[in-house]
Amino acid sequence: MCDGGDGCAVKVAVRIRPLLEKEVAEQARVCSRVINDHQVVLGKDRAFTFDNLFDENAAQKEIYDACISSLMTQFFKGYNCTILAYGQTGSGKTHTMGTGDLSRVSPEEQGIVPRVARDIFATIKEKKRRAARSGVDLSITCRLSYIEIYNEALKDLLRPSTPSRHLQIREDSSGEIVVTGVYEQEVSSCEDMIQQLQIGTFARTTGSTLMNESSSRSHSILTVILVQHQMSAADVAVMGGSSRGRVKGATVSKLHLVDLAGSERNKKTQAVGQRFRESVSINSGLLALGNVISVLGEQNAPPSAAPTSTRPANSPSEPAHTGGDLAENNTTTTTTTQHQQQQQQQREEVPGGGVAAEEAEQGVGHLSDSFARRSLAPEGSEGLKAAAAIDGGAVSAGGALPAAARRTHVPYRDSKLTRLLQDSLGGNASTLMIACVSPADSNFEETLNTLKYANRAKNIRNKPVINADPRQLVADRLRNELAACKKALAAHGIQDPTAAAAEGGGDAAAEGLQSAASALSGGVCSRKACAAARGQLAACRLALAANGVPEPGGGGGGDAPAERCRELQQEYGTMEADLTASLHDEP
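Being a predicted model, the structure only gives us computed values, none of them experimental.

Engineer: Just to check I follow, could you spell out the overall build of the protein for this structure?
Structural biologist: Tallying secondary structure elements over the protein gives 19 helices and 20 strands in all. Burial status across the protein gives 51% buried among its 587 residues. Taking as baseline every contact in the protein between residues at least 6 positions apart, the subset at least 24 positions apart corresponds to 73%. Element-wise, carbon and sulfur atoms account for 50% of the exposed surface of the protein, whose accessible area totals about 26100 Å².

Structure (structure tokens):
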């Protein structure tokens, strides 16, 4: 999915749901028009282009095949992946994700999560069948956790009795975001996984509003953890039939399936009491998410990219702006009024519109620190300078923020939702955002804002890597170097010293050296296999140096063969000692 060294862009798909019976009864008109599989026009002339576009007739299978299948391939290769459903309340996010009550849904109407469960275990079965045919011992385990964020508190949906204070968001030694205290259930079949999904679904907080009879009142994150390890039959024999230690070389990948609560306008939902407090919390989390998307999108957007705006062309009295940062203007300086206009536009573009931001402000203060600082800054350029300095921005002498001085701070810590999605947005993951929208003209503003933020998300670039144990990477490097050295030996007609040692037999180190090729061929990174490979590699390099042949890749060479031979003889002796010691230890 990546297209170069700069990482890979977040993929964005848009799904337009059909008109609801209520909307038809209210004589709502369709305000969206699908041009092709990638482009949609909203209203008269607001065009947006995305990676995938699905109209109201799109089937669940069509969405899965077009968007999810490629992610599952990445997932089994060892990459972290995220599927994120985003949009207004009642736009079809839970239906698309398939995290509702499956007993009421036919197999054809099941969403992404049940199909992922079937795909995972079908792939596991096929991989094990191929491994057995190739003489490889393949071990795959699958675990899952399920949490929700309700009123900015974490809840373990698989163990609802766990106190919220026991669940903490932490960053581990490798920089990965983890939730400590959450229960992880190992599952061995598709049925087992779906059963756990239903347990979590029934524990999730839902409620009825005027716009949605079964509205999700929380954000939910279902995480599937896949641990894979393969070991050749020959290496198992070298290990004395023991498979202990194999987890050391495991590839561990995570798949996050995120179903967000929808943004709400109180004048439409008519929420009061607890439902209103829930909507404030929901909108606050989505506002923080919108801020993160904006900052990440601005960092990667082309400098000449034209802003997507709901306003008409800029007049002399209205400064140009791109993605929330003020454009460079050599003739006028930024005033407090202009800052307020820019701030208001950003708020309006959050899904749910300006009302979402206003309702969030009425809550307990989960707004973005950036917005809060700027709105509380005293009037005049000095106040704006102080606010921008806190944000890490650069302000010119006249008080204007140059376009080149884009913010580098990403406000992940503004909410638990953005903190949990830190790896998925701008980090180590392949991410797909599915923006669910309504075609009704009564929801025009919410649909427009959702499409704007989905459009900005396309500029976010992640940097996914295969999540292999570092020792596995060492084993891969040894395997490649060993193959290159043996190829050089054959090309110059030099006898392979490891083959000669194997023919002599009777020596534990020689037998260990011979076993290295078969052990590493299965991707093993045990101490014993790596020690054998290092010894075998040193022997091959010694033979090349003795014959004045440069080592592959430019290491060593024929310029000083005698000196290189002495170095390699010393290295070879050390490797033999290491290998002999490892033969008596656990791998």
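Engineer: Please clarify how the pattern of salt bridges should be interpreted in this entry.
Structural biologist: Any two side chains of opposite charge can pair if their charged atoms end up close together. Here the structure, examined in full by the defined rule, presents twelve salt bridges. When the shortest N-O distance is used, the salt bridge between Lys254 and Glu176 registers 2.9 Å. Of this pair, Lys254 sits in strand β16 (residues 251–259) while Glu176 sits in the loop between β10 (168–171) and β11 (177–180); the two residues are 78 residues apart in sequence, bridging distant segments of the chain. The salt bridge partner of Asp496 is Lys486, with a shortest N-O separation of 3.8 Å. With a gap of ten residues between them, Asp496 in the loop between α15 (470–491) and α16 (497–504) and Lys486 in helix α15 connect regions that are remote in the sequence. Look at the salt bridges and you will find they share partners, linking Glu126, Arg129 and Arg130 into a network.

Engineer: When you look at the pairing of β11 in this model, what are you seeing that I'm missing?
Structural biologist: Note on strand geometry: in a regular strand, side chains alternate between the two faces of the sheet. What you see with β11 is a clean split: Ile177 and Val179 sit on the buried side and Val178 and Thr180 on the side with no burial. Hairpin connection, β10 to β11: the antiparallel pair is bridged by five residues, and Gly175 has positive phi, about 90°.

Engineer: Sorry if this is basic, but what is going on with the environment of Thr205 here?
Structural biologist: In this structure, Thr205 sits in the loop between α5 (190–203) and β13 (206–207). Judged by its relative accessible area of 19%, Thr205 is buried. With 57 residues separating them along the chain, Thr205 and Glu148 place their C-alpha atoms 8.5 Å apart.

Engineer: Explanation requested: the pairing of strand β4 (residues 39–42) in the structure shown.
Structural biologist: Two strands pair when backbone bridges link them, and strand β3 (residues 32–34) and β4 are joined in this way by three bridges, in the antiparallel orientation. Residue pairing in the sheet places Ser32 in a bridge with Leu42 of β4. As defined by bridge partners, β4 adjoins strand β5 (residues 46–49) across four bridges and the pair is classed as antiparallel. What sits directly across from Gln39, in β5, is Thr49. Hairpin geometry of β4 and β5 is characterised by an intervening segment of three residues between the two adjacent antiparallel strands and by a positive phi of about 70° at Gly43.

Engineer: Got a minute to help me understand helix α2 (residues 60–77) in this structure?
Structural biologist: The end-to-end C-alpha distance of α2, which contains 18 residues, comes to 25 Å, matching closely the 26 Å that a straight helix rising 1.5 Å per residue would cover. The largest bend in α2 is about 45°, located at Ile68. Taken together, the buried positions of α2 are occupied by Gln60, Ile63, Tyr64, Cys67, Ile68, Leu71, Met72, Gln74, Phe75 and Phe76. Gly78 occupies a position one or two residues after α2 and carries a positive phi of about 110°.

Engineer: Mind showing me how you'd approach the confidence of the model for the protein here?
Structural biologist: For any part of a model where pLDDT is low, the fine detail of the predicted coordinates should not be relied upon. Per-chain confidence: the protein averages 74 in pLDDT, with 62% of residues scoring 70 or above. Element-level mean pLDDT values for the protein span from 31 in strand β18 (residues 325–326) up to 97 in strand β2 (residues 11–16). Low pLDDT (under 50) marks residues 352–405, which in the prediction has 97 contacts with non-local residues, meaning those over four places away or in another chain.

Engineer: Looking at this model, I keep getting lost on unusual backbone geometry. Mind explaining?
Structural biologist: Glycine aside, a negative phi is what most residues show, and trans is what most peptide bonds show. For Gln27, which is not a glycine, the phi torsion comes out positive at approximately 60°. Tracing the backbone shows Gln27 in the loop between α1 (21–25) and β3. Gln27 gets classed as exposed once you look at its relative accessible area, which sits at 68%. You will see that Glu152, though not glycine, has its phi angle at about 65°, which is positive. Turning to its location among the elements, Glu152 is positioned in the loop between β8 (136–150) and β9 (153–156).

Engineer: I tried to follow the packing of helix α8 (residues 274–300) against helix α14 (residues 444–457) on my own but got confused; where do I start?
Structural biologist: Pairs of packed helices are described in terms of their axes, by the angle between the two and the distance that separates them. For the pair α8 and α14, interaxial distance at closest approach is 8 Å and the crossing angle is 45°. The orientation of α8 relative to α14 falls into the category oblique. Remark: the crossing between α8 and α14 carries left-handed chirality. Together, Gly290, Ile293, Ser294 and Gly297 of α8 and Tyr453, Arg456 and Ala457 of α14 make up the contact between the two elements. Across the contact of α8 with α14, the residue classes break down as three nonpolar, three polar and one charged.

Engineer: I'm lost on the sheet that holds β3 in this one. Help?
Structural biologist: What holds strands together in a sheet is hydrogen bonding between their backbones, with the strands either parallel or antiparallel. Read across the open sheet, the three strands follow the order β3-β4-β5; overall the sheet is antiparallel. Edge positions in the open sheet fall to β3 and β5, since each of these has one partner strand only. In this sheet, adjacent strand axes meet at a mean angle of 25° when their direction is disregarded. Lying on the sheet, α14 is in contact with β4 and β5; it crosses β5 at an angle near 40°.

Engineer: What's the story with α8 in this structure? I'm lost.
Structural biologist: The periodicity of an α-helix, 3.6 residues per turn, causes residues three or four positions apart to be oriented the same way. Between its terminal C-alpha atoms α8 stretches 40 Å, which fits the 39 Å expected from 27 residues at 1.5 Å a residue. Counting buried residues in α8 gives 21 out of 27 residues, a clear majority hidden from the surface.

Engineer: What is the right way to look at the packing of aromatic side chains in this model?
Structural biologist: The geometry of an aromatic ring pair is captured by two quantities: the separation of the ring centres and the angle between the planes. Enumeration over the complete set of coordinates arrives at two aromatic pairs. Judged by centre distance (6.3 Å) and plane angle (15°), the ring pair of Phe48 and Phe50 falls under stacked. Given the relative accessible area of 4%, Phe48 is considered buried. By relative accessible area, which is 3% here, Phe50 ends up buried. Ring geometry for Phe75 against Phe76: centres 5.8 Å apart, planes inclined by 70°, an arrangement best described as edge-to-face. Here the two residues Phe75 and Phe76 agree in accessibility, since each one is buried. A cation over an aromatic ring shows up here: Arg159 above the ring of Tyr183, its NZ or CZ 3.8 Å from the ring centre. In this structure, Arg456 is placed above the aromatic ring of Tyr453, and the distance from its NZ or CZ to the ring centre is 5.3 Å.

Engineer: I would appreciate a short explanation of the packing of helix α4 (residues 112–133) against α5 in the present structure.
Structural biologist: The N-to-C vectors of α4 and α5 enclose an angle of 150°; their axes lie 9 Å apart at closest approach. Regarding the angle of α4 to α5, the classification is roughly antiparallel. In this structure, the crossing between α4 and α5 has a hand that is right-handed. Only Cys190, Met193, Ile194 and Leu197 of α5 make contact with α4, whose side of the interface consists of Val113, Pro114, Ala117, Arg118, Ile120 and Phe121.

Conventions and cut-offs
- Residues numbered from 1 in each chain as written.
- Predicted model: local features only at pLDDT ≥ 70, side-chain atom pairs only at ≥ 80, totals over all residues.
- Heavy atoms only, no water.
- Helix = DSSP H or I, 4+ residues; strand = E, 2+ residues; numbered from the N terminus.
- Buried < 20%, exposed > 50% of the residue type's maximum accessible area, 1.4 Å probe, protein only.
- Contact = heavy atoms within 4.5 Å.
- Areas by Shrake-Rupley, 256 points an atom, 1.4 Å probe, with all protein chains shown as cover.
- Salt bridge = Lys/Arg side-chain N within 4 Å of Asp/Glu carboxyl O.
- Pairing = 2+ DSSP bridges.
- Expected span 1.5 Å × (residues − 1).
- Bend = angle between axes of the 7 residues up to and from the residue.
- pLDDT = per-residue confidence, 0-100.
- Axes fitted to C-alpha atoms, helices over the stretch in contact; angles between N-to-C directions.
- Parallel < 35°, antiparallel > 145°, perpendicular 65-115°, else oblique.
- Left-handed = near helix turned anticlockwise from the far one by under 90°.
- Nonpolar A, V, L, I, M, F, W, Y, C, P; charged D, E, K, R; others polar.
- Phe/Tyr/Trp six-rings, centres within 6.5 Å; stacked < 30°, edge-to-face > 60°.
- Lys NZ or Arg CZ within 6 Å of the ring centre and 35° of its normal.

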